[in-house]
Amino acid sequence: MKGFKGVRSKTILVLFTLFALTAVLGLTPPAQAKEVLKVGIILPFSGPLAWFGNEVFKGYEVARVEQNEKGGLLGKEIQFVKGDAVDAKTAVSEAERLITLEGVKIIIGTASSVLSLAATPIAERAKVIYWETGAVADPITRRGFKYLFRVIPDSTQGYRGSARFVLDTARQLQGIPMDQFRVAIIGEDSSYGRSVSEVLKKVINESGAKLVAYEFYEATTKDLSSLILRLKAQKPDALIPTSYVDDAILLHRQMRQLDLNVKIFMGTGNGHNTDKLKEGVGKDVNGVLCAGWPGKTVNPTYAWGLNGFMTRHQKVFKADPQSGHPFGNYCGTWLLWKVIEKAGAADPEAIRKTALALDEPEGFMPLSWGVKFTGPDTQNPGQNTKPTWFVEQWQKGSLHTVWPAKAMSKGVEKIIPFPKWSER
């Protein structure tokens, strides 16, 4: 006992001495580490879609930094765990790794329909929330999943509107009767290109316009000349391509080389609404219409969260975004944080229940979308029913919103027809 008392006395003396030194030197004891909320990210960080995947991630990161500056979620610091999905096979393995080894209960993705179709079944089997902010193919939410939520429009929902813009607004500005209006649809041959093109084809056929071409190509192709020559022979008034960045640049360059002129050129997303297209084709980008995320000149009173996002993006990355994808995917992540806050827990069941109960009007999200997810007993469970794509146009090297009218900034007008190559 005497020895024990001696040890105890020495221990107390040591602790007292350390406390006194801390006070004298002005030191503070180390703070207790903050609890962490891990969220998985599945994107193509390398490979052919690496630029696109990293651009999308910037939107996620701005949302994470912003929320952590507010104190995190549920008192926890948000940390991202990345999964690099180069292709469908790695999308599966990365989803499995994030769930089994990293222990995540929430995954955000995916930027590509091919990758989303592969990764989402893994999350569903594990009862992990999969929050889709970028992939549009219809089949993604047609499989009866309960833990999958898609914030953005699916192909049918989003591209019916853009097709109607071509058929109604753009066609009428050219004064072409509907039954004489000639439309060509082309797309890269994946679930993304096919899903979007199928919607466009259906709308064109329903309208009474003439569908003069409906063709697909490999996104990795190095030559589209034979396709362009076939299109040239059909003399379309409007061309609606669904492309990624590299094939969009190739299409544009070879259209000029082979002098394929159309009155209306309407891209449908990824390939046509990024600065990469402008870098690839220069001033020839002007006049291109594109359905998708709004550009940075969208009316800020409509997309009320844009200015704050732009300021924070500049702070985090020391640069402006190179497309509308960071802002759009920031908005999807912003919504997830709201759902978790409202749920009061990061548990998948709580998130699922809260997400399904949301019914928010237009104007709720930072880009002014509303929110209402379809229930588990519907044909399309987990799909947000209230968003629709914007229509942008390249003018003087910048993307400007030209539809819907309330999202247009003052002074912006539609440039139709698409200028002939010889007139540029």
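Residues numbered from 1 in each chain as written. Predicted model: local features only at pLDDT ≥ 70, side-chain atom pairs only at ≥ 80, totals over all residues. Heavy atoms only, no water.

Draft legend 1. Representation of the overall build of the chain in the model. Of the regular secondary structure elements, the chain holds 12 helices and 12 strands. Referenced to the eigenvectors of the C-alpha coordinate spread, the extents of the chain come out at roughly 105 × 45 × 40 Å. Here the analysis covers contacts within the chain between residues at least 6 apart in sequence; of these, 68% occur between residues at least 24 apart. Summed over all atoms, the accessible surface of the chain reaches about 18400 Å², with 55% contributed by carbon and sulfur. Positive and negative side-chain charges of the chain, numbering 54 and 42 respectively, have mean locations separated by a distance of 5 Å. (Helix = DSSP H or I, 4+ residues; strand = E, 2+ residues; numbered from the N terminus. Contact = heavy atoms within 4.5 Å. Areas by Shrake-Rupley, 256 points an atom, 1.4 Å probe, with all protein chains shown as cover. Lys, Arg positive; Asp, Glu negative; His and termini not counted. Charge placed at Lys NZ, Arg CZ, Asp CG, Glu CD.)

Draft legend 2. Region of the structure containing the nonpolar core. Core analysis: the largest hydrophobic core is formed by 83 residues, its most contacted members being Trp 131, Leu 335 and Trp 337. Among all residues touching Leu 335, those that are not within four sequence positions of it are Trp 131, Val 151, Leu 358, Phe 364, Met 365, Val 371 and Phe 373. In terms of nonpolar packing, the next biggest core, distinct from the first, is built from 27 residues, Leu 227, Leu 231, Ile 249 and Leu 251 among them. (Core = buried A, V, L, I, M, F, W, Y, C linked by side-chain atoms within 4.5 Å. Buried < 20%, exposed > 50% of the residue type's maximum accessible area, 1.4 Å probe, protein only.)

Draft legend 3. Highlighting the sheet that holds strand E2 (residues 77-84). Spatially, five strands are ordered E2-E1-E3-E4-E5 in an open sheet, and the strand pairing comes out parallel. On the outer flanks of this sheet lie E2 and strand E5 (148-150), each paired with one strand and no other. Sheet twist, expressed as the average angle between the axes of neighbouring strands with direction ignored, equals 25°. In this sheet, E5 lies alongside strand E4 (residues 129-132) in parallel orientation, the contact comprising three bridges. Across the sheet, Trp 131 pairs through a bridge with Phe 149, a residue of E5. Lying over the sheet, helix H2 (residues 50-69) contacts strand E1 (36-43), E2 and strand E3 (106-109), oriented at roughly 165° with respect to E2. Helix H11 (residues 325-343) contacts E1, E2, E3 and E4 of the sheet and is inclined by roughly 160° relative to E3. (Pairing = 2+ DSSP bridges. Axes fitted to C-alpha atoms, helices over the stretch in contact; angles between N-to-C directions.)

Draft legend 4. Main features of the pattern of salt bridges. Per the counting criterion, the structure on display carries 19 salt bridges. Salt-bridge contacts for Asp 189 lead to Arg 194; the nearest nitrogen and oxygen are separated by 2.6 Å. A network of salt bridges, in which partner residues are shared, links Lys 38, Glu 94, Arg 97 and Glu 102. (Salt bridge = Lys/Arg side-chain N within 4 Å of Asp/Glu carboxyl O.)

Draft legend 5. Highlighting the packing of aromatic side chains. Within the structure shown, the criterion is met by 20 aromatic pairs. Taking 6.0 Å as the distance between ring centres and 65° as the angle between the ring planes, the aromatic pair formed by Phe 57 and Phe 80 counts as edge-to-face. Of the two residues, Phe 57 sits in helix H2 while Phe 80 sits in strand E2, which places them 23 residues apart along the sequence. In this structure, Phe 57 and Phe 80 share a single accessibility class: buried. Residues Phe 309 and Tyr 330 carry aromatic rings whose centres are separated by 5.1 Å and whose planes lie at 45° to one another, so their mutual orientation is tilted. Here the residue Phe 309 occupies a position in helix H10 (residues 306-317), and Tyr 330 occupies one in helix H11, the gap between them amounting to 21 residues. The same class applies to Phe 309 as to Tyr 330, namely buried. (Phe/Tyr/Trp six-rings, centres within 6.5 Å; stacked < 30°, edge-to-face > 60°.)

Draft legend 6. The arrangement of the side chain of Asn 329 in detail. Topologically, Asn 329 is positioned in helix H11. Beyond its immediate stretch of four places on either side in the chain, Asn 329 contacts Val 56, Gly 59, Tyr 60, Thr 133, Gly 134 and Trp 293.

Draft legend 7. Main features of the sheet that holds strand E11 (residues 390-395). Taking strand neighbours across the sheet as the criterion, the seven strands line up as E7-E6-E8-E9-E10-E11-E12 in an open arrangement whose pairing is mixed. Because the sheet does not close on itself, it has two edges, and the strands there are strand E7 (210-217) and strand E12 (398-403). The sheet shows a mean angle of 25° between the axes of neighbouring strands, taken without regard to direction. For E11 and E12, the ladder comprises five bridges, and the chain directions are antiparallel. Residue pairing across strands places Trp 394 opposite Leu 399, the latter belonging to E12.

Draft legend 8. Spotlight on the packing of helix H3 (residues 88-100) against helix H4 (residues 113-125). Closest axis-to-axis distance for the H3/H4 pair is 8 Å, and the angle between their directions is 30°. Taken as axis vectors, H3 and H4 run roughly parallel relative to one another. Between H3 and H4 lies a crossing whose hand is right-handed. Between H3 and H4, the contacting residues are Ala 88, Ala 91, Val 92, Ala 95, Glu 96 and Ile 99 on the first element and Val 114, Leu 115, Ala 118, Ala 119, Ile 122 and Ala 123 on the second. Partitioned by chemical class, the residues of the contact of H3 with H4 number 11 nonpolar, no polar and one charged. (Parallel < 35°, antiparallel > 145°, perpendicular 65-115°, else oblique. Left-handed = near helix turned anticlockwise from the far one by under 90°. Nonpolar A, V, L, I, M, F, W, Y, C, P; charged D, E, K, R; others polar.)

Draft legend 9. Main features of the side chain of Asn 384. With respect to the secondary-structure elements, Asn 384 resides in the loop between helix H12 (348-357) and E11. There is a polar contact of 3.3 Å between the side chain of Asn 384 and the backbone nitrogen of Lys 386. If we ignore the near neighbours within four places in the chain, the residues touching Asn 384 are Arg 150, Val 151, Gln 157, Gly 370, Val 371, Lys 372 and Phe 373. (Polar contact = N/O pair within 3.5 Å; in protein donor to acceptor, adjacent residues only side chain to side chain.)

Draft legend 10. Region of interest: H10. When the terminal C-alpha atoms of H10 are compared, their 16 Å separation across 12 residues agrees well with the 16 Å that a helix rising 1.5 Å per residue should span. Turning to H10, its buried residues number three or more, namely Leu 306, Phe 309, Met 310 and His 313. One side of H10 carries all its buried residues, which in axial view fall inside an arc of 100°. Turned more than 90 degrees away from the buried face of H10 sit Asn 307, Thr 311 and Lys 315, all of them exposed. On its buried face, H10 is in contact with H2 and H11. Lys 318 sits one or two residues past H10 and shows a positive phi near 60°. (Expected span 1.5 Å × (residues − 1). Arc of directions from axis to C-beta.)

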